[in-house]
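# Structure at a glance
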Amino acid sequence: MAGYNYGYHRDKMEKEFAQIAATCRAEGIAEDTIGIIHRILLNELNSNRKFYTHTQSYDGMKLQNGSDVDVGNNPLLKNYLEQFSAPQVEIYEWHYMAWLDDIDTPEIVEWLRTLREGDILLLTLLVVNDLKQTEAAKILEKHDSAISRKMKQLRESLAKVLPESLHKYYIR
């Protein structure tokens, strides 16, 4: 990693400040205020220098034993991996059915509560994942006609609980 060239960046900052100070003096701004602006720019320069000096890239770095630098080499990882991990199934289920929380039509929310988990999975595949009925049938290991019948039943049950004014938005 190339070092931070403090002299170059300090000169650049001083040139920028000279322009700002000239503008401020032309506008009649007090010298105390101009001094504060210089201090702010100098603090920013020093902050950047600290960041670039103390931040190093892992690219191309090697440990003493010759292995590559990797998150997996962190000694704390072994101690805390279990506490920081969540079973994949929980993540999958949480993400997969998250669309149910976004429904804001009360009639549809109530209707969804009456459905079985398999029906919700089918709706997720068709509506959220935008799959065709034949693709959903393959995933669920069912025949296309069974999926078609199930969708017809779901549409009819939704039509019973949904007000007529909402039919055009939710039922095709």
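Here the structure is a predicted model, which is why all the values come from computation and not from measurement. (Residues numbered from 1 in each chain as written. Predicted model: local features only at pLDDT ≥ 70, side-chain atom pairs only at ≥ 80, totals over all residues. Heavy atoms only, no water.)

## Some points on the overall build of the protein chain
Each helix and strand counted, the protein chain has nine helices and zero strands in total. Sequence-ordered secondary structure for the protein chain, helices as α and strands as β, is α-α-α-α-α-α-α-α-α. Burial statistics for the protein chain: of 172 residues in total, 19% are counted as buried. Taking contacts inside the protein chain between residues at least 6 apart in sequence as the whole, the part at least 24 apart equals 49%. A total accessible area of about 13800 Å² is found for the protein chain, and carbon and sulfur atoms account for 53% of it. (Helix = DSSP H or I, 4+ residues; strand = E, 2+ residues; numbered from the N terminus. Buried < 20%, exposed > 50% of the residue type's maximum accessible area, 1.4 Å probe, protein only. Contact = heavy atoms within 4.5 Å. Areas by Shrake-Rupley, 256 points an atom, 1.4 Å probe, with all protein chains shown as cover.)

## Focus: the packing of aromatic side chains
Describing an aromatic ring pair means giving the distance of the ring centres and the angle of the ring planes. Within this structure, the stated rule accounts for zero aromatic pairs. The ring of Tyr6 carries Arg49 above its face, with NZ or CZ at 4.6 Å from the centroid. (Phe/Tyr/Trp six-rings, centres within 6.5 Å; stacked < 30°, edge-to-face > 60°. Lys NZ or Arg CZ within 6 Å of the ring centre and 35° of its normal.)

## Overview of the nonpolar core
Trp111, Leu112, Leu115, Leu122, Leu123, Met151 and Leu154 are the most contacted members of the largest nonpolar core, which has 18 residues in total. Those residues in contact with Leu154, other than ones at most four positions away along the chain, are Trp111, Leu115, Asp119, Leu122 and Leu123. Counting residues in each nonpolar core, the second largest holds eight residues, with Phe17, Ile34, Leu41 and Leu45 among its members. (Core = buried A, V, L, I, M, F, W, Y, C linked by side-chain atoms within 4.5 Å.)

## Quick look at helix 8 (residues 144-161)
Between its first and last C-alpha, helix 8 extends 26 Å over 18 residues, near the 26 Å set by a 1.5 Å rise per residue. Along helix 8, the residues that are buried comprise Ile147, Met151, Leu154 and Leu158. Seen end-on, helix 8 carries its buried residues on one side only, within an arc spanning 60 degrees. Residues of helix 8 that are exposed and point over 90 degrees away from its buried face: Arg149 and Lys160. Turning to helix 8, the residues buried within the fold contact helix 5 (106-114), helix 6 (117-128), helix 7 (133-140) and helix 9 (167-170). (Expected span 1.5 Å × (residues − 1). Arc of directions from axis to C-beta.)

## So, the confidence of the model for the protein chain
Confidence along the protein chain averages 81 in pLDDT terms, with 78% of residues attaining 70 or more. Per-element averaging of pLDDT across the protein chain places helix 4 (residues 88-96) at the bottom with 51 and helix 1 (residues 6-27) at the top with 93. (pLDDT = per-residue confidence, 0-100.)

## Some remarks on the environment of Arg25
Note that Arg25 resides in helix 1. Arg25 gets classed as partly exposed once you look at its relative accessible area, which sits at 45%. Not counting chain neighbours up to four residues away, the residues in contact with Arg25 comprise Glu31 and Ile34.

## Here we look at the packing of helix 6 against helix 7
Helix-helix packing is described using two parameters, namely the angle between the two axes and the distance between the axes. Helix 7 packs onto helix 6 with a crossing angle of 135 degrees between their chain directions and a minimal axis gap of 9 Å. What the angle tells us is that helix 6 and helix 7 run oblique. For the element pair helix 6 and helix 7, the recorded crossing hand is right-handed. Here Leu121, Leu122, Leu125 and Leu126 of helix 6 lie close against helix 7, whose contacting residues are Gln133, Ala136, Ile139 and Leu140. Residue classes in the contact of helix 6 with helix 7 are distributed as seven nonpolar, one polar and no charged. (Axes fitted to C-alpha atoms, helices over the stretch in contact; angles between N-to-C directions. Parallel < 35°, antiparallel > 145°, perpendicular 65-115°, else oblique. Left-handed = near helix turned anticlockwise from the far one by under 90°. Nonpolar A, V, L, I, M, F, W, Y, C, P; charged D, E, K, R; others polar.)

## Describing the pattern of salt bridges
Any two side chains of opposite charge can pair, on the condition that their charged atoms come close. Here the structure, examined in full by the defined rule, presents five salt bridges. Arg113 is paired through a salt bridge with Glu110; the nearest N and O atoms lie 2.7 Å apart. Linking Arg113 with Glu110, this pair stays in helix 5, spanning three residues, or about one helical turn. With relative accessibility at 47%, the residue Glu110 sits in the partly exposed group. Ionic pairing is found between Asp119 and Lys150, a salt bridge with its closest N-O pair at 3.3 Å. (Salt bridge = Lys/Arg side-chain N within 4 Å of Asp/Glu carboxyl O.)

## Digging into the layout of surface pockets
The volume enclosed by the second largest pocket comes to roughly 210 Å³. Together, Tyr4, His9, Lys12, Met13, Glu16, Leu41, Glu44, Leu45, Asn48 and Tyr52 line the second largest pocket. Within the residue set of the lining of the second largest pocket, elements represented by two or more residues are helix 1 and helix 2 (31-54). Looking at which element gives the most residues to the lining of the second largest pocket, the answer is helix 2, with five residues. Across the lining of the second largest pocket, the residue classes break down as five nonpolar, two polar and three charged. (1 Å grid on protein atoms, 1.4 Å probe; cavity = no way out; pocket = protein on both sides within 12 Å on 5 of 7 lines; lining within 4 Å. Points joined across faces, edges and corners; volume = space filled by probe spheres on them.)

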